[in-house]
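# Residue-level structural notes
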Amino acid sequence: MVQRNVLEYLEKNRGTVVTGGELSRQLNVSRTAVWKAIHALQDKGHEIEVLANSGYRLTESSDGLSERGIAEFLNTRAFGRQMELHESLPSTNRRLREMDISNLPEGYAVIADGQSSGRGRSGRTFYSPAREGVYFSVLLKPDMEISDVTMITVCAAVAVCRAVDAVCGISAKIKWVNDIFNDGKKLCGILSEASVSAELRRIDSVVVGIGINTGVVDSAVKNIAGSILEATGKRGLRNRLIAETLNQLEDVYLAFSLRREKKEILAEYSERMLYIGKRIEIIEGAASSIATVLGIDDAGALLVRLPGGGRRSVISGEIKIFESEETIQ
Ligand code: BTN
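Residues numbered from 1 in each chain as written. Predicted model: local features only at pLDDT ≥ 70, side-chain atom pairs only at ≥ 80, totals over all residues. Heavy atoms only, no water.

Now for the pairing of strand β11 (residues 287–296). Pairing of strand β10 (residues 279–284) with β11 involves six bridges; the strand directions are antiparallel. Looking at β11, one finds that I282 is bridged to S289. What sits between the antiparallel neighbours β10 and β11 is a turn of two residues, in which G285 has the positive phi angle 65 degrees. Where β11 and strand β12 (residues 302–305) come together, four bridges link them in antiparallel fashion. Bridged to I296 within β12 is L302. (Pairing = 2+ DSSP bridges. Helix = DSSP H or I, 4+ residues; strand = E, 2+ residues; numbered from the N terminus.)

In this section: helix α6 (residues 149–168). For α6, built from 20 residues, the straight-helix expectation of 28 Å at 1.5 Å per residue is met to within 8% by its first-to-last C-alpha distance of 29 Å. Counting buried residues along α6, 17 of its 20 residues qualify, which places the element largely inside the surrounding structure. Looking one or two residues beyond α6, the residue adopting positive phi is G169, at roughly 65 degrees. (Expected span 1.5 Å × (residues − 1). Buried < 20%, exposed > 50% of the residue type's maximum accessible area, 1.4 Å probe, protein only.)

Attention now goes to the site of the ligand. In the vicinity of the ligand lie 19 residues, with S91, Q115, R119, R121 and K186 positioned nearest. Interatomic distance of 3.0 Å between a side-chain N/O atom of T92 and a nitrogen atom of the ligand. One nitrogen or oxygen atom from the side chain of K186 is found 2.6 Å from an oxygen atom belonging to the ligand. When each cavity is represented as a set of grid points, the ligand is found to reside in the largest pocket. Those elements giving two or more residues to the shell around the ligand turn out to be α5 (92–98), β5 (133–140), β8 (185–197) and β9 (202–213). Take the shell around the ligand: its biggest share by element is four residues, from β8. (Near = heavy atom within 4 Å. Polar contact = N/O pair within 3.5 Å; in protein donor to acceptor, adjacent residues only side chain to side chain. 1 Å grid on protein atoms, 1.4 Å probe; cavity = no way out; pocket = protein on both sides within 12 Å on 5 of 7 lines; lining within 4 Å. Sits in = over half its atoms within 2 Å of the grid points.)

A word on the packing of aromatic side chains. One pass over the structure, following the stated rule, counts one aromatic pair. Ring plane angle 40 degrees and centroid distance 5.8 Å describe the contact between F79 and Y253, whose orientation is recorded as tilted. Of this pair, F79 sits in the loop between α4 (67–71) and β3 (83–89) while Y253 sits in helix α8 (residues 238–257), placing them 174 residues apart in sequence. Among the residues examined, F79 registers a relative accessible area of 3% and is labelled buried. Relative accessible area serves as the criterion here: at 3%, Y253 is assigned to the buried category. (Phe/Tyr/Trp six-rings, centres within 6.5 Å; stacked < 30°, edge-to-face > 60°.)

What follows concerns unusual backbone geometry. A cis amide bond, omega 10 degrees, links W176 with the succeeding residue V177. Tracing the backbone through its elements, the reader meets V177 in the loop between β6 (173–175) and β7 (179–182). One non-glycine residue, S122, lies in positive phi territory at about 50 degrees. Even without glycine at this site, R131 takes up a positive phi of about 70 degrees. Judged by its relative accessible area of 35%, R131 is partly exposed.

Okay, the layout of surface pockets next. Over the atoms a probe the size of a water molecule is rolled, and this reveals where empty space is left. If you add up the space inside the largest pocket, you get close to 1,100 Å³. Lining of the largest pocket is provided by 46 residues; of these, F126, D179, K186, I224 and A225 occupy positions nearest its centre. Listing elements by their share of the lining of the largest pocket, those giving two or more residues are α5, β5, β7, β8, β9 and β14 (318–321). Considering every element that reaches the lining of the largest pocket, the biggest residue donor is β8, with six residues. Each residue belonging to the lining of the largest pocket can be placed in one class, and the counts come to 20 nonpolar, 15 polar and 11 charged. Taken as a whole, the second largest pocket encloses approximately 370 Å³ of empty space. (Points joined across faces, edges and corners; volume = space filled by probe spheres on them. Nonpolar A, V, L, I, M, F, W, Y, C, P; charged D, E, K, R; others polar.)

The next subject is the nonpolar core. Grouped together as the largest cluster of nonpolar side chains are 66 residues, with contacts concentrated most on V164, W176, I180, I190, I265, Y269 and L302. Here this core gets 13 residues from one element, more than from any other, and that element is α6. Setting aside its immediate chain neighbours within four residues, V164 contacts G169, I170, A172, L187, I228 and L241. Judged by nonpolar contacts, the second largest core, of 13 residues, contains L7, I38, L41 and Y56. (Core = buried A, V, L, I, M, F, W, Y, C linked by side-chain atoms within 4.5 Å. Contact = heavy atoms within 4.5 Å.)

Our focus in this paragraph is the sheet that holds strand β4 (residues 109–115). The strand order across the open sheet built from seven strands is β3-β4-β5-β9-β8-β7-β6, with neighbouring strands paired in mixed fashion. On the outer flanks of this sheet lie β3 and β6, each paired with one strand and no other. Averaged over all pairs of adjacent strands, the angle between their axes in this sheet comes to 20 degrees, without regard to strand direction. Relative to β7, β6 is paired through three bridges, and the arrangement is antiparallel. Its bridge partner lying in β7, I174 is registered against I180. Across the sheet, α8 is in contact with β4, β5 and β9; its angle to β5 comes to roughly 30 degrees. (Axes fitted to C-alpha atoms, helices over the stretch in contact; angles between N-to-C directions.)

Structural data, given as structure tokens:
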């Protein structure tokens, strides 16, 4: 608790020096407790300068996560207004799915500094090293038909792109269905998991899990994975990135569910789509086929042209650029 309060106080005064005496008075704890808390926070990756005879300063570039640091950039009505922040979790999606969501508001967010068994699509794991990414899950309670679940993923992909663009000044792209790319490398993965009411054929809740690489990329995946650090040369953006993604997610989600702007959202998704006009390999379970990407259809499914000239929509599966890719005329 002392650590949390000290961090909150420093966050409120980020960039300026706060004396040990002031912290001790304001938080009603001893100077020794303040000193211990500062050291523990430093160990957790918060960049706090200790200035001899003057006090402590949380640097502008400190990349440590904190509730206050995130809240400072939030401009939502509901998303992220209630959140929990963990140093480490097996998986933020799993945590949220195991909670009694009937007591949680829509937009409730579970955030972790690192995950020990981060979950990816198709049963894969999502490598989630502490402090080198942002890993969070948001609870949605949409009143929608099951067929609209793909649209939630579409909304999330658009929201993450907008957030990454705003925070990093880049132009993020989408690889269907929900991988976010920059400069040919994956920056972010999204995993949406829905609970449905079988009799009513409606969605009860959706947990949207987002993982964005922000720091050093493991050398084993350097050719395929990118990060915010690689794209901008900067650290210190994690709190803002989480908040901006929540801001954009709320906006796109409300545009879809309340304002009925599905067409506009699909258009934005299409504009950001990779591989339009390219030949790809589609992997659906054990089957694989080759087709040319045309775009996405009204339901958010991938629209492709088959080698014989026909068209079809791919509802789920994985796609890969075909080695000897060709562009259609
Ligand atoms: C993918 O690329 O296959 C999807 C990756 C989704 C990862 C995020 S990180 C936060 C949330 N918790 C998880 O366990 N997974 C998602």
